[in-house]
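Residues per chain are reported as follows:
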Amino acid sequence: VQLQAFGGGLVQAGDSLRLSCAASGRAFSSYALAWFRQAPGSGREFVAAISRSGGRTYYLDSVKGRFTISRDNAKNTVYLQMNSLKPEDTAVYYCAGKPDYIGASYYYTHEYNYWGQGTQVTVSS
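Residues numbered from 1 in each chain as written. Predicted model: local features only at pLDDT ≥ 70, side-chain atom pairs only at ≥ 80, totals over all residues. Heavy atoms only, no water.

**Q** Looking at this structure, I do not really get the side chain of threonine 77. What am I missing?
**A** Tracing the chain through its elements places threonine 77 in strand 8 (residues 77-82). Residue class for threonine 77 comes out buried when judged on its relative accessible area of 9%. At 2.8 Å, the side chain of threonine 77 and the backbone oxygen of lysine 75 are in polar contact. What threonine 77 contacts, discounting residues up to four positions off in sequence, is Ser20, Cys21, Ala22, Phe28, Ser70, Arg71 and Asp72. (Helix = DSSP H or I, 4+ residues; strand = E, 2+ residues; numbered from the N terminus. Buried < 20%, exposed > 50% of the residue type's maximum accessible area, 1.4 Å probe, protein only. Polar contact = N/O pair within 3.5 Å; in protein donor to acceptor, adjacent residues only side chain to side chain. Contact = heavy atoms within 4.5 Å.)

**Q** Looking at this structure, I do not really get the nonpolar core. What am I missing?
**A** Trp35, Val47, Phe67, Ile69, Leu80, Met82 and Tyr93 are the most contacted members of the largest nonpolar core, which totals 28 residues. Broken down by secondary-structure element, the contributors of at least two residues to this core are strand 1 (2-6), strand 3 (17-24), strand 4 (32-38), strand 5 (44-50), strand 7 (67-72), strand 8, strand 9 (91-98) and strand 11 (119-124). The biggest single contributor to this core is strand 3, with four residues. Apart from the residues within four sequence positions on either side, isoleucine 69 is in contact with Leu33, Ala34, Trp35, Ala48, Ala49, Ile50, Thr57, Tyr59, Val78, Tyr79 and Leu80. In terms of nonpolar packing, the next biggest core, distinct from the first, is built from nine residues, Ala32, Ala49, Ile102 and Tyr106 among them. (Core = buried A, V, L, I, M, F, W, Y, C linked by side-chain atoms within 4.5 Å.)

**Q** What's the story with the sheet that holds strand 7 in this structure? I'm lost.
**A** Adjacent strands of a sheet pair through backbone hydrogen bonds, lying either parallel or antiparallel. Strand order in the open sheet made by the four strands is 1-3-8-7, with antiparallel pairing throughout. With one partner strand each, in any of the chains shown, strand 1 and strand 7 form the two edges of the open sheet. For this sheet, the mean angle separating the axes of adjacent strands, direction not counted, is 15 degrees. (Pairing = 2+ DSSP bridges. Axes fitted to C-alpha atoms, helices over the stretch in contact; angles between N-to-C directions.)

**Q** Would you mind showing me how to read unusual backbone geometry here?
**A** Its identity as a non-glycine residue notwithstanding, asparagine 76 has a phi of 55 degrees, on the positive side. For serine 84, which is not glycine, the phi torsion reads 50 degrees and is therefore positive. Given the relative accessible area of 41%, serine 84 is considered partly exposed.

**Q** Hey, could you run me through the side chain of serine 51 in this one?
**A** Take serine 51: it is sitting in the loop between strand 5 and strand 6 (57-59). Among residues more than four places away in sequence, those in contact with serine 51 are Arg56, Arg71 and Ile102.

**Q** I tried to follow the state of the cysteines on my own but got confused; where do I start?
**A** Put plainly, a disulfide is one covalent bond tying together the sulfur atoms of two cysteines. Scanning the entire structure with this criterion turns up one disulfide. The disulfide partner of cysteine 21 is cysteine 95, and the S-S distance across this bridge is 2.0 Å. Here the disulfide of cysteine 21 and cysteine 95 is right-handed, its torsion about the S-S bond being about 60 degrees. Of this pair, cysteine 21 sits in strand 3 while cysteine 95 sits in strand 9, and the two are 74 residues apart along the sequence. Judged on exposure class, the residue cysteine 21 and its partner cysteine 95 are both buried. (Disulfide = S-S within 2.5 Å.)

This is the structure in structure tokens:
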């Protein structure tokens, strides 16, 4: 599967953005999906993950209550709705997928076989 993330941009603190990640290929519904982010000078950090059916979701503590991950298997797309954005959310955001159930190690980058190209989110104070 190929993943393409888009929807990033420059916003002010407190604003909202919705990232999308469109997948090509078959069997999208058999993939667990996640969003990671990478700020300048930092490693890639887990943000959110969603199970194949969408019934289970997981979040980085600092984004709980502000970000929501969702998926539309009919549209082969996963979303990340980001509300109440903060300057510390500034990063390149990547979507990732693996053809397996979500598992207990969903927050590790090495769990995922497929990655999108990243989309920049910049939050000004």
